[in-house]
Amino acid sequence: MKYSVAAATIGCKVNQYDTTAILQDFSKLGFDVLNLDNLYKDEIFEVEDVKKTADIFIVNTCTVTNISNKKSRQLINKIHKKYPKAIIIAYGCYAQVQPQELASILGVSLVIGTQDKHNVAQITADFMGIKLPTKTEPTKKPSQISNRTRTYLKVQDGCDNYCSYCIVPYARGKSTSVPIAAAITEAENLVESGYKEIVLTGVQLSSYGKDFESENLLNLITRLHNIPKLERLRLSSLEPTTITTEFLQEISKLPKFCQHFHLSLQSGSNRILKQMNRHYTTENFAEIVANIRRYFPKVAITTDIIVGFPGETDLDFNETFTFVENIQFFDVHVFAYSPKSGTAAANFAEQIPTKIKQQRSKTLHNLAAKLNENFYQNYIGETLLVLFESHQGNTWKGYTSQYLTVSAESQTNLNNQIVPVKVTKYSNNTLFGNIMEDLP
C-alpha cells in the first residue's frame with residue numbers, strides 16, 4: 001500500500017526548512033509527500049492535492065509566543081475535523097517543550113520533539129507498523145503549492161544566548177553548524193534544480209561556525225558566492241554585534257550578496273535591553289547600522305521589536321519609538337510581549353497590562369508603516385533588478401535585492417527571471433514599473 005503524508009508549518013524559516021527535510025526522509029521511505037503552505041487557512045483544504053493526501057499530516061509547531069502555540073493547536077483541530085481518520089503528528093518546538101499539552105489534543109497520534117528531527121519518518125513508520133523499502137535514488141524537494149524561486153538553506157541550529165524572554169534555546173538546544181562542504185553541496189543541488197536565490201538561515205545564524213575550529217559565516221558566504229549559477233545570496237536574521245567592519249568590507253565585494261540586513265533590536269531602551277539579556281546598547285546598534293550604510297548605501301535594514309516587556313515604562317517605550325524613527329528602518333516586525341513559561345522574564349515583576357501593550361504595539365506599527373512607505377518612495381524613478389516569482393494574468397510580482405516588492409506588466413513568462421524594471425509609482429507596499437529590456 002502506498003501511504004501519503006502532507007506537512008504544514010507554523011513559524012520561522014528554520015521550521016519551513018525542517019519540514020522540507022522531514023518530507024525528504026518520508027520520500028526516501030516510499031511515501032508520497034506534499035509540502036503545504038499556510039494550511040491553517042481554510043481554503044487550502046479545498047486544494048485537490050490536499051484531498052488526495054490524507055493518510056498522515058505533520059504539523060511543524062512553533063512556540064516562540066503564546067499565539068504561536070494557539071495557531072498550532074487550531075491547525076491540529078482543523079485537520080482532525082476535516083480528516084478524522086488521518087494520523088496527525090505534532091512535531092517541532094512546541095512539541096519539544098510542552099509534549100503533554102499537544103498529546104492531549106483530540107486526533108494527535110504522535111508528538112515528536114526537535115531532538116528527533118532526523119527520525120520523524122522512521123518513528124512514524126514504526127508507529128504504523130509498516131516496513132517500507134528505502135529508495136536508493138536521490139529524492140527531489142517535496143512539491144509545494146506555491147511556486148518558489150527562492151529557497152532556504154539551513155546551516156545552523158540551536159542557540160546559546162538565553163535571552164530572558166525566549167524559549168528557543170530550550171526548544172532547539174545548543175548552537176550547532178553544518179560543515180561548509182555539506183552546505184556547499186546542498187546549495188549546488190538547489191541551484192542546479194533551478195533556484196536563483198538562496199536565503200541562508202538558522203536559529204542563530206550569527207553563531208555559525210563557533211562549534212568549528214576554522215569555519216565561520218564569512219567563509220561560508222564567500223564559498224557560496226562562488227557557485228556559478230547562483231544569482232542571489234540573502235541572509236536571514238543576524239545579531240548586530242556580529243556585523244564587524246571586516247565582515248562588511250568582504251561581503252561588500254560580492255555582487256550576488258543581497259542588500260538587506262535583518263538585525264534583531266528588540267528594544268530601543270538600554271535599560272530594557274539589559275533586562276532582556278541582549279548584549280549590546282542602542283549606541284552600539286546605531287554605530288553598526290551607520291557602518292553597514294557606509295558599505296551598502298542603498299541597503300534595506302529590517303528589525304524586530306518587543307513592546308510591553310516587563311517593567312517597560314512610558315519613558316522606555318518613547319526611547320524605543322524615537323530610536324526606531326531615527327534609524328529609519330525599512331520594516332519593523334512588532335511583537336507584544338507574551339510571557340513564556342520556562343523563561344526568566346515570565347517571572348519578572350511589573351508585567352505590563354494587555355491594553356497598554358496593545359496601545360504601544362499600534363503606535364509602533366503606525367510608525368513602521370510610515371517608515372516603510374518612505375523607503376519605498378525613495379525608489380520611484382530608479383531602475384531595479386527584480387526576481388519575479390508570481391503573477392495574476394499579465395501582472396507579475398517579484399522582489400529586489402533589498403526585498404522591495406515590485407509589480408510589472410508583461411505577456412512574457414517572467415517566472416524565475418531577474419529583469420530590470422523602471423519604477424514609475426508606489427502604492428500599498430508595492431512599486432510599479434515597466435520592463436526595461438526585450439524578452440524572448
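Structure first, text after, so check above.
About the cut-offs
Residues numbered from 1 in each chain as written. Predicted model: local features only at pLDDT ≥ 70, side-chain atom pairs only at ≥ 80, totals over all residues. Heavy atoms only, no water. Helix = DSSP H or I, 4+ residues; strand = E, 2+ residues; numbered from the N terminus. Rg over C-alpha atoms; globule rule 2.2 N^0.38 Å. Buried < 20%, exposed > 50% of the residue type's maximum accessible area, 1.4 Å probe, protein only. Contact = heavy atoms within 4.5 Å. Areas by Shrake-Rupley, 256 points an atom, 1.4 Å probe, with all protein chains shown as cover. Lys, Arg positive; Asp, Glu negative; His and termini not counted. Charge placed at Lys NZ, Arg CZ, Asp CG, Glu CD. Core = buried A, V, L, I, M, F, W, Y, C linked by side-chain atoms within 4.5 Å. Pairing = 2+ DSSP bridges. Axes fitted to C-alpha atoms, helices over the stretch in contact; angles between N-to-C directions. Expected span 1.5 Å × (residues − 1). Arc of directions from axis to C-beta. Polar contact = N/O pair within 3.5 Å; in protein donor to acceptor, adjacent residues only side chain to side chain.

Asks: Just checking my understanding: could you explain the overall build of the chain for this structure?
Replies: Scanning the chain from terminus to terminus reveals 14 helices and 17 strands. Here the C-alpha atoms of the chain give a radius of gyration of 22 Å, agreeing with the 22 Å that 2.2 N^0.38 yields for 440 residues. With respect to the principal axes defined by its C-alpha atoms, the chain has extents near 65 × 60 × 45 Å. The buried share of the chain, taken over its 440 residues, is 52%. Within the chain, counting contacts between residues at least 6 apart in sequence, those at least 24 apart form 72% of the total. Summed over its atoms, the accessible surface of the chain is roughly 20,300 Å², and 49% of this surface lies on carbon and sulfur atoms. Averaging the positions of the 46 positive and the 43 negative side-chain charges in the chain gives two centres separated by 4 Å.

Asks: For this particular structure, what's the right way to read the nonpolar core?
Replies: In this structure, L200, I221, I251, F261 and I292 are the most contacted members of the largest nonpolar core, which totals 57 residues. Among the elements that make up this core, the one with the highest residue count is helix α8 (residues 180–192) (6 residues). Setting aside residues no more than four positions away along its own chain, I221 makes contact with L200, L233, L235, F247, I251, L254 and F257.

Asks: Any chance you could explain unusual backbone geometry here in plain terms?
Replies: Note on backbone geometry: most residues besides glycine have negative phi, and most peptide bonds are trans. Of note in the backbone geometry, Y162 takes a positive phi value of approximately 55° without being a glycine. Mapped onto the elements, Y162 comes out in the loop between β6 (150–157) and α7 (168–172). Not every positive phi belongs to a glycine, and N429 is a case in point at roughly 60°. We classify N429 as partly exposed; its relative accessible area is 43%.

Asks: In this structure, what is going on with the sheet that holds strand β2 (residues 32–36)? I would like to understand it.
Replies: The pairing of strands in a sheet comes from backbone hydrogen bonds and takes either a parallel or an antiparallel form. Spatial strand order, β2-β1-β3-β4-β5: 5 strands in an open sheet with parallel pairing. Edge strands, defined here as strands with exactly one partner in the open sheet, are β2 and β5 (108–113). The average angle at which neighbouring strand axes cross in this sheet is 20°, direction not considered. In this structure, strand β3 (residues 56–61) lies alongside strand β4 (residues 87–92), joined through 6 bridges in parallel fashion. Of the residues in β4, the one forming a bridge with F57 is I88. Its contacts with the sheet place helix α3 (residues 66–82) against β1 (4–9), β3, β4 and β5, and it is angled at close to 170° to β3.

Asks: In this structure, what is going on with the pairing of β6? I would like to understand it.
Replies: As a general feature of sheets, a regular strand has side chains that alternate between the two faces. The buried count for β6 comes to 8 of 8 residues, which makes it a mostly enclosed element. Here 6 bridges tie β6 to strand β8 (residues 197–202), and the two strands are oriented parallel to one another. Of the residues in β8, the one forming a bridge with Q156 is G202. Pairing of β6 with strand β7 (residues 176–177) involves 2 bridges; the strand directions are antiparallel. Opposite D157, over in β7, you have T176 as the bridge partner.

Asks: Could you clarify how one ought to interpret helix α13 (residues 314–327) in this entry?
Replies: Working note: α-helix, 3.6 residues per turn, so residues spaced by three or four point in the same direction. Between its first and last C-alpha, α13 extends 20 Å over 14 residues, near the 20 Å set by a 1.5 Å rise per residue. Turning to α13, its buried residues number three or more, namely D316, F317, T320, F323, V324 and I327. Buried residues of α13, seen end-on, are gathered within an arc of 125° and therefore sit on one face of the element. Opposite its buried face, α13 presents the exposed residues D314, L315 and N326, each directed more than 90 degrees away. Residues of α13 that are buried sit in contact with α11 (270–276), α12 (282–295), β11 (300–307), β12 (331–336) and α14 (354–377). In the segment just after α13, Q328 is the residue with positive phi, at about 60°.

Asks: Help me understand the environment of L263 in this model?
Replies: On the secondary structure map, L263 appears in the loop between β10 (260–262) and α11. Take L263: its relative accessible area is 0%, and that puts it in the buried class. Along the sequence, L263 and D304 sit 41 residues apart, while their C-alpha atoms lie 7.4 Å from each other. Beyond its immediate stretch of four places on either side in the chain, L263 contacts L238, P240, I243, F285, V289, I292, I301, T302, T303 and D304.

Asks: I tried to follow the sheet that holds β12 on my own but got confused; where do I start?
Replies: If you trace the 3 strands from one edge of the open sheet to the other, you get β10-β11-β12, paired in parallel fashion. Two strands bound the open sheet, and with one partner strand each, they are β10 and β12. For this sheet, the mean angle separating the axes of adjacent strands, direction not counted, is 15°. In the sheet, β10 pairs with β11 via 3 bridges, with the strands oriented parallel. Considered in β11, the bridge of H262 is made with T302.

Asks: I keep staring at helix α9 (residues 217–225) and nothing clicks. Help me out?
Replies: Every buried residue belonging to α9 is among L217, L218, L220, I221, L224 and H225, and all of these are buried. Each buried residue of α9 lies within a common arc of 160° when the element is viewed along its axis, so the set occupies one face. Check the buried side of α9 and you find it contacts β6, α8, β8, β9 (232–235) and α10 (245–251). The N-capping residue of α9, defined by a side-chain oxygen 3.1 Å from the backbone nitrogen of L218, is N216.

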